[in-house]
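# Summary of structural features
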Amino acid sequence: MHTEWVELFFNAFFVGGRDLSDQAVLLELAGTVGIPEKATRMTLASPEVRERIATDERETRKLAASGAPIFIFNNKIVIAGAQESQALLRAMLMSNGDAAAA
């Protein structure tokens, strides 16, 4: 279901121009992949989930990350925008301390 969910969000935002910060949109999308509305509402209202989202947003800002898509490797290397697979692989290796990847 994870892949289906990611693809649904991607298409909703980039193709459909949907506002993924709108609770009604999130409820609709969750329903399309079979997640009950009550469970979605509870998740969206959860203080723990809200804090995790806020933490992710703070961390992203600290890394000066912007653009879409964005790839963050080990909170060390940020790559924004569409990239060749080799560039992503190099970033992964470098974030793990592999100097030869540079």
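Predicted model only: the values in this text are computed from it and were never measured. (Residues numbered from 1 in each chain as written. Predicted model: local features only at pLDDT ≥ 70, side-chain atom pairs only at ≥ 80, totals over all residues. Heavy atoms only, no water.)

### Remarks on the pairing of strand 1 (residues 70-73)
This is how it is decided: Paired strands are those between which DSSP finds at least two bridges. Secondary structure follows DSSP: runs of H or I at least 4 residues long count as helices, runs of E at least 2 residues long count as strands, and numbering of each begins at the N terminus.
Bridge analysis of strand 1 against strand 2 (residues 77-80) gives four bridges, and the strand direction is antiparallel. Bridge pairing in strand 2 places I72 opposite V78. What sits between the antiparallel neighbours strand 1 and strand 2 is a turn of three residues, in which N74 has the positive phi angle 50°.

### Describing the packing of helix 2 (residues 23-32) against helix 3 (residues 37-45)
Each pair of packed helices can be summarised by the angle the axes make with each other and by the distance between the axes. Here is the rule we go by: Fitting a line to C-alpha atoms yields each axis, with helices limited to the stretch in contact; the angle taken between N-to-C directions then spans 0 to 180 degrees. An angle below 35 degrees is treated as roughly parallel, one above 145 as roughly antiparallel, one from 65 to 115 as roughly perpendicular, and anything else as oblique. What makes a crossing left-handed is the near helix being turned counterclockwise from the far one by less than a right angle; a clockwise turn instead makes it right-handed. Should any heavy atoms of two residues lie within 4.5 Å, those residues are counted as being in contact. Throughout this entry, Asp, Glu, Lys and Arg are counted as charged residues, while Ala, Val, Leu, Ile, Met, Phe, Trp, Tyr, Cys and Pro are counted as nonpolar. The remaining residues, Gly among them, count as polar.
Contact geometry for helix 2 and helix 3: axes closest at 9 Å, N-to-C directions at 135°. The angle between helix 2 and helix 3 falls in the class oblique. In terms of crossing hand, the pair formed by helix 2 and helix 3 is right-handed. Between helix 2 and helix 3, the residues in contact are Q23, L26, L27 and A30 and E37, T40, R41 and L44, respectively. Within the contact of helix 2 with helix 3, the residues separate by chemical class into four nonpolar, two polar and two charged.

### Concerning the nonpolar core
Threshold: What we call a nonpolar core is a set of buried Ala, Val, Leu, Ile, Met, Phe, Trp, Tyr and Cys residues that are connected through their side-chain atoms within 4.5 Å. For every residue, the accessible area obtained with a 1.4 Å probe (protein chains only) is divided by the maximum for its type, and the residue is called buried under 20%, exposed over 50%, and partly exposed between those limits.
Counting five residues, the largest nonpolar core is built from F73, I77, I79, L88 and A91. Put simply, the parts of the chain that give this core at least two residues each are strand 2 and helix 5 (85-95).

### Focus: helix 5
Rules: Comment: arc refers to directions from the helix axis out to C-beta atoms.
Taken together, the buried positions of helix 5 are occupied by A87, L88, A91 and S95. Considered in projection along helix 5, the buried side chains sweep an arc of 100° and stay on one side of the axis. Of the surrounding elements, those touching the buried residues of helix 5 are strand 1 and strand 2. One or two residues past the end of helix 5 sits G97, with phi positive at roughly 90°.

### Notes on a nonpolar patch on the surface
The test is simple: Put simply, a patch holds well-exposed residues, over 30% relative accessible area, that have no salt bridge, with like charges counted together within 9 Å and Val, Leu, Ile, Met, Phe, Trp or Tyr side chains within 5 Å. Using a 1.4 Å probe, accessible areas were evaluated by the Shrake-Rupley method; residue-level cover was limited to the displayed protein chains. Take a side-chain nitrogen of Lys or Arg and a carboxyl oxygen of Asp or Glu: if they are within 4 Å of each other, that pair is a salt bridge.
Taken together, the side chains of F10, F13, F14 and V15 define a hydrophobic patch exposed on the protein surface, amounting to about 440 Å² of accessible area. Here F10 shows up in helix 1 (residues 2-15). Judged by relative accessible area, which is 47%, F10 ranks as partly exposed.

### A look at the packing of aromatic side chains
What counts here: Aromatic rings from Phe, Tyr and Trp, with only the six-membered ring used for Trp, were paired whenever their centres fell within 6.5 Å, and each pair was classed as stacked if the ring planes differed by under 30 degrees, edge-to-face if by over 60, and tilted otherwise.
According to the stated counting rule, one finds four aromatic pairs in the structure shown. With a centroid separation of 4.5 Å and an interplanar angle of 50°, the aromatic rings of W5 and F9 are classed as tilted. Linking W5 with F9, this pair stays in helix 1, spanning four residues, or about one helical turn. The class of W5 is partly exposed, set by a relative accessible area of 26%. Relative to F14, the ring of F13 lies with its centre 4.8 Å away and its plane at 90°, an arrangement referred to as edge-to-face. Assessed through its relative accessible area of 44%, F14 is described here as partly exposed. Three or more aromatic residues link up through ring pairs in this structure, and these residues are F10, F13 and F14.

Fair warning: the whole summary comes from geometry, so function is off the table for now.
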